[in-house]
Amino acid sequence: MVATFKIAVLGAQGVGKSAIVRQFLYNEFSEVCVPTTARRVYLPAVVMNGHVHDLQIMDFPPITAFPGRAGLTPVCPLQEWADVCCRGLRSVHAYILVYDICCFDSFEYIKTIRQQILETRVIGTSETPIIIVGNKRDLQRGRVIPRWNVSNLVKKTWKCGYIECSAKYNWHILLLFSELLKSVGCARCKHVHTTIRFQGALRRNRCTIM
């Protein structure tokens, strides 16, 4: 039986979250920054250790507030699905929160979104994994917050996963999604050094060894 894991990718404008997704899916990067204005859904399949896992990766545009947070009023399912930009955001299995290591405001953005995710979590349900991603590691010299400070805060205080990557140079992109699958409890993805085959997004007739 193939399990489908729903993943939401969130971040401020210009942090490179869409570039991360496209690097993972298509092994490509564009220097031209095109703002995400609508939710994009990708349906790739990952083969890990001989087992197929379907992914539903949702790349969201920057949101002003997490659904259910504004006004502190719970959102009913119909209301959430009526908001096209946030459709399906509260029902995912994991969140990827991306910030630009050279932009302090982008870190403050994901800090706020993370807090809102926790505030809207239904009491009694299991906690949805959150991975914080510091993108643009290739611009290391422009870093605004020391890596140790961020890693310490995220791992010890927030109890979230933390990875730094470079969408431009495809550095740690595969590691990010490998760690993500392990965080959502994929029993067959526990091995760090695992063989991964990626079958292209939107069911394209191609398969890439990663």
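One can find the structure itself at the top, above this paragraph.
Residues numbered from 1 in each chain as written. Predicted model: local features only at pLDDT ≥ 70, side-chain atom pairs only at ≥ 80, totals over all residues. Heavy atoms only, no water.

Draft legend 1. How the structure looks around the environment of isoleucine 20. Looking at where isoleucine 20 falls in the secondary structure, it is placed in helix 1 (residues 17-26). Along the sequence, isoleucine 20 and lysine 168 sit 148 residues apart, while their C-alpha atoms lie 8.2 Å from each other. (Helix = DSSP H or I, 4+ residues; strand = E, 2+ residues; numbered from the N terminus.)

Draft legend 2. Inspection of unusual backbone geometry at higher detail. For lysine 159, which is not a glycine, the phi torsion comes out positive at approximately 60°. Mapping lysine 159 onto the fold places it in the loop between helix 4 (147-157) and strand 7 (161-164). Residue histidine 172 is not a glycine yet carries a positive backbone phi of 70°. One can find histidine 172 in the loop between strand 7 and helix 5 (173-183). A relative accessible area of 30% means that histidine 172 is categorised as partly exposed. (Buried < 20%, exposed > 50% of the residue type's maximum accessible area, 1.4 Å probe, protein only.)

Draft legend 3. The arrangement of the pattern of salt bridges in detail. For the structure on display, the rule yields 8 salt bridges. Between glutamate 164 and arginine 143 there is a salt bridge, and its shortest N-O distance comes to 2.8 Å. With glutamate 164 in strand 7 and arginine 143 in the loop between strand 6 (130-135) and helix 4, the pair connects residues that are 21 residues apart, well separated along the chain. Pair check on accessibility: glutamate 164 and arginine 143 agree, each one buried. Three or more residues are tied together by salt bridges with common partners; here these are Arg137, Arg143, Arg147 and Glu164. (Salt bridge = Lys/Arg side-chain N within 4 Å of Asp/Glu carboxyl O.)

Draft legend 4. Looking closely at the pairing of strand 5 (residues 94-100). In terms of residue burial, strand 5 counts as a mostly covered element, since 7 of its 7 residues are buried. The side-chain alternation of strand 5 yields two buried faces, one formed by Ala94, Ile96, Val98 and Asp100 and the other by Tyr95, Leu97 and Tyr99. Here strand 5 pairs with strand 6 via 6 bridges, running parallel. Bridge pairing in strand 6 places aspartate 100 opposite asparagine 135. (Pairing = 2+ DSSP bridges.)

Draft legend 5. Geometry of the nonpolar core. Membership of the largest hydrophobic core comes to 54 residues, with the highest contact counts inside it found for Ile57, Tyr95 and Ile132. Sort the elements by how many residues they give to this core and strand 5 lands first, with 6 residues. In this structure tyrosine 95 touches Ala8, Leu10, Phe66, Leu89, Arg90, Ile117, Thr128, Pro129, Ile130 and Ile131, once residues within four positions along its chain are discounted. (Core = buried A, V, L, I, M, F, W, Y, C linked by side-chain atoms within 4.5 Å. Contact = heavy atoms within 4.5 Å.)

Draft legend 6. Broad picture of the packing of aromatic side chains. Using the criterion set out here, one finds 4 aromatic pairs in the structure. When the ring of phenylalanine 66 is compared with that of tyrosine 95, the centres are 5.9 Å apart and the planes differ by 70°; the resulting orientation is edge-to-face. Taken together, the positions of phenylalanine 66 in the loop between strand 4 (51-59) and helix 2 (77-82) and tyrosine 95 in strand 5 put the pair 29 residues apart, joining distant regions of the chain. Taking 5.8 Å as the distance between ring centres and 10° as the angle between the ring planes, the aromatic pair formed by phenylalanine 107 and tryptophan 158 counts as stacked. A residue pair is termed long-range when its members are at least 10 positions apart, and phenylalanine 107 in helix 3 (residues 104-120) and tryptophan 158 in the loop between helix 4 and strand 7 qualify at 51 residues. Each of the two residues, phenylalanine 107 as well as tryptophan 158, counts as buried. (Phe/Tyr/Trp six-rings, centres within 6.5 Å; stacked < 30°, edge-to-face > 60°.)

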